Amino acid sequence: MQEAATRFRLEESISDLDQLRHDLADWTVSARRLGPQGQYLDQLSLLAEIAGAGIEQVRHDLLAGAAVAAGGELYEECRRADHRTALLRRFWRWYADRLDQRRDDGYRPTLAAADEIVRSTWQALFPDDQTRPPTPLPHVAPIDMAVSTARDEVPRDLRAPSEPVLAKWTELMPLSTIALPSTVTRRPWWLVVIAHECGHQVAAEAVDDGDGSPSPVLEAAAARAGAGDGEQQDWRNWAIELFADATAAVTKGTAPTWSVMELERGTTGTLLRPDVGYPPPVLRWCVADAVVARIGLTRVVPDADRELLAGSPFAGHAARAEAIAAALLDIRFGGTTLREIGVRSRDWERTACRWRDALLGATEPAAGTAPESARLCVAGGTMAWRRTTAGASGAIDRERLRRRLLQVLPHSRPKSVRHAAPRPVGRAAAVTRQVLDDLRSDTW
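In this text, all values refer to a predicted model and were calculated from it rather than measured experimentally.

**Details of the overall build of the protein chain**
Here is step 1: Across its full length, the protein chain carries 19 helices and 5 strands.
Here is step 2: Relative to the compact-globule value of 22 Å for 444 residues, the protein chain shows a C-alpha radius of gyration of 25 Å, a close match.
Here is step 3: Structurally, the protein chain occupies a C-alpha span of about 85 × 55 × 40 Å along its principal axes.
Here is step 4: A total of 444 residues make up the protein chain; the buried ones form 55% of that total.
Here is step 5: Within the protein chain, contacts between residues at least 6 apart in sequence are counted, and of these 80% link residues at least 24 apart.

Here it is, written out as structure tokens:
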């Protein structure tokens, strides 16, 4: 009887592995149909390949162990395999769940729009098809502000101390994500925040490629501009957020600054209070405004806010905003700089204004066909939303704006463009080796 129970225990573990393999295979087939023209195909095929190799490794090890084990030893082999099966499922599903939101009617239109905005922004930042990093994957989460997870960063909900091996795997994965607050499903003009989150991704890519972090660049720029040690450290601490704001400005013009001002507006105390990694809001706005001006656009921060900052303890910081803006624009990444990307910003701003007028116009707007269409459409949507807040028919206008954005954005792209980036072969091999080594090991 014990022998039958032991045999049944082994069959259970094998069955769980086979079920995971079956689920993974079904998902891989269906995932190929999600997103236009192969978007995310290379990245997610890679995910399936890594998880599939892991499943085969666990199955091989279990059968090899079962061939020489008996009684309690066989039960231990099964528990070991079950644990690894659960880890592989959790690893795979973390990424797969985010892609699969596109099957949900409540998320599909918004994420189709977000996909195009990310693609459009990412191609502006990395114009070379052959060296462009994998496009970040946007998804919706129960959060109040957007959050980026870079390729080499462990997702927050996979940082469980009891499973450090998951952190090791995700740090190696050539996949990055952008979590968007659920409010974007009802107010798609807030998709403009994607530009800032892409800036975070660029900063991570710059460090990964050896181009350097914005932090020492801004610290050095502040020093050259006459800042003392304490203020230099402030700029260093704020550098990543300010670089993300600058990235938003060169790809979408003034619209992101308007959105940040709306999100951060508050009492005088709030406007002059720094936060972890963030300068005081009004100083942040003024630095973004200086970036906008340096790429040839009109400043948008009201004089009253500038006067508030000038009379505050951060007046010295404000005096160095121009020097900080110049340093941000000259940070090099992927063979280019934000200044070089922003050379067409005047034209882009004019196009965003045309989108604003079309989205508020009497006739239904048509989708754009240029590479920049999606990101400038959402910039125009932000400008249009600002106009609706001043009119008596604001609620009606905003509902029409919501509908039009979700109709136009998903289709605003060149007619013949391959969304998927080149397969990151080196990174793929590294993570596969690590996963297989860990599955064979008992050291964790």
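There's more to say after this.
**A word on the state of the cysteines**
Here is step 1: Within the structure shown, the criterion is met by 0 disulfides.
Here is step 2: Counting only cysteine sulfurs, Cys377 is the nearest neighbor of Cys198, a cysteine outside any disulfide, at a range of 16 Å.
Here is step 3: Exposure remark for Cys198: the relative accessible area of 0% places this residue in the buried category.

**A short note on the packing of aromatic side chains**
Here is step 1: Per the stated rule, a full pass over the model turns up 9 aromatic pairs.
Here is step 2: Here the aromatic rings of Trp190 and Trp385 are separated by 5.2 Å at their centres, their planes lie at 55°, and the arrangement is tilted. Of this pair, Trp190 sits in the loop between strand 3 (177-181) and helix 6 (194-208) while Trp385 sits in helix 17 (residues 373-388), and the two are 195 residues apart along the sequence. For the pair formed by Trp190 and Trp385, the shared burial category is buried.
Here is step 3: The rings of Phe91, Trp94, Tyr95 and Trp169 are connected pair by pair, giving a single aromatic cluster.
Here is step 4: The aromatic ring of Trp92 is capped on one face by Arg93, whose charged end is 4.7 Å from the ring centroid.
Here is step 5: Lying over the aromatic face of Trp348, Arg375 brings its terminal NZ or CZ to 4.2 Å of the ring centre.

**Topic: helix 14 (residues 321-329)**
Here is step 1: Counting buried positions along helix 14 gives 7 out of 9 residues, so the element sits mostly inside the fold.
Here is step 2: Turning to helix 14, its buried residues are Ala321, Ile324, Ala325, Ala326, Ala327, Leu328 and Leu329.
Here is step 3: Lining the buried residues of helix 14 we find helix 7 (214-224), helix 8 (229-252), helix 11 (281-294), helix 13 (315-319), strand 5 (336-337) and helix 15 (338-341).

**Some remarks on the sheet that holds strand 1 (residues 137-141)**
Two orientations exist for strands paired in a sheet by backbone hydrogen bonds: parallel and antiparallel.
Here is step 1: With respect to topology, 3 strands assemble into an open sheet ordered 1-3-2, the strand pairing being mixed. Bordering the open sheet on either side are strand 1 and strand 2 (147-149), each of which pairs with just one other strand. For this sheet, the mean inter-axis angle between neighbouring strands, taken without regard to orientation, is 25°.
Here is step 2: Across 3 bridges, strand 2 lies against strand 3 in antiparallel orientation. Bridge pairing in strand 3 places Thr149 opposite Thr177.
Here is step 3: Those strands touched by helix 4 (residues 108-125) are strand 1 and strand 3, and its axis lies near 140° from that of strand 1.

**Topic: the pairing of strand 1**
Here is step 1: Where burial is concerned, most of strand 1 is hidden: 5 out of the 5 residues are buried.
Here is step 2: Of the two faces of strand 1, the one lined by Leu137, His139 and Ala141 and the one lined by Pro138 and Val140 are each fully buried.
Here is step 3: Where strand 1 meets strand 3, 5 bridges bridge the pair, whose relative direction is parallel. What sits directly across from His139, in strand 3, is Ala179.

**Things to note about the pattern of salt bridges**
Here is step 1: Applying the stated rule across the entire model yields 35 salt bridges.
Here is step 2: The partner of Asp18 in a salt bridge is Arg21, and the shortest N-O contact between them spans 3.0 Å. Taken together, the residues Asp18 and Arg21, both in helix 1 (residues 2-31) and 3 residues apart, mark about one turn of the helix.
Here is step 3: Using a relative accessible area of 34% as the deciding quantity, one classes Arg21 as partly exposed.
Here is step 4: Across the pair Glu116 and Arg119 runs a salt bridge whose closest N-O atoms are separated by 2.8 Å. Here Glu116 pairs with Arg119, and both are found in helix 4, just 3 residues apart, close to one helical turn.

**Some thoughts on the pairing of strand 3**
Here is step 1: Strand 3 sits mainly inside the fold: 5 of its 5 residues count as buried.
Here is step 2: With burial as the criterion, each face of strand 3 is covered, one bearing Thr177, Ala179 and Pro181 and the other bearing Ile178 and Leu180.

**Quick notes on helix 11**
Here is step 1: For helix 11, which comprises 14 residues, the first-to-last C-alpha distance of 20 Å matches the rise-based estimate of 20 Å (1.5 Å per residue) to within 8%.
Here is step 2: Helix 11 sits mainly inside the fold: 12 of its 14 residues count as buried.
Here is step 3: Among all positions in helix 11, only Pro281, Val282, Leu283, Arg284, Trp285, Cys286, Val287, Ala288, Asp289, Ala290, Val291 and Val292 are buried.
Here is step 4: Of the residues flanking the end of helix 11, it is Gly296, one or two places downstream, whose phi is positive at about 90°.

Calculation criteria
Residues numbered from 1 in each chain as written. Predicted model: local features only at pLDDT ≥ 70, side-chain atom pairs only at ≥ 80, totals over all residues. Heavy atoms only, no water. Helix = DSSP H or I, 4+ residues; strand = E, 2+ residues; numbered from the N terminus. Rg over C-alpha atoms; globule rule 2.2 N^0.38 Å. Buried < 20%, exposed > 50% of the residue type's maximum accessible area, 1.4 Å probe, protein only. Contact = heavy atoms within 4.5 Å. Disulfide = S-S within 2.5 Å. Phe/Tyr/Trp six-rings, centres within 6.5 Å; stacked < 30°, edge-to-face > 60°. Lys NZ or Arg CZ within 6 Å of the ring centre and 35° of its normal. Pairing = 2+ DSSP bridges. Axes fitted to C-alpha atoms, helices over the stretch in contact; angles between N-to-C directions. Salt bridge = Lys/Arg side-chain N within 4 Å of Asp/Glu carboxyl O. Expected span 1.5 Å × (residues − 1).

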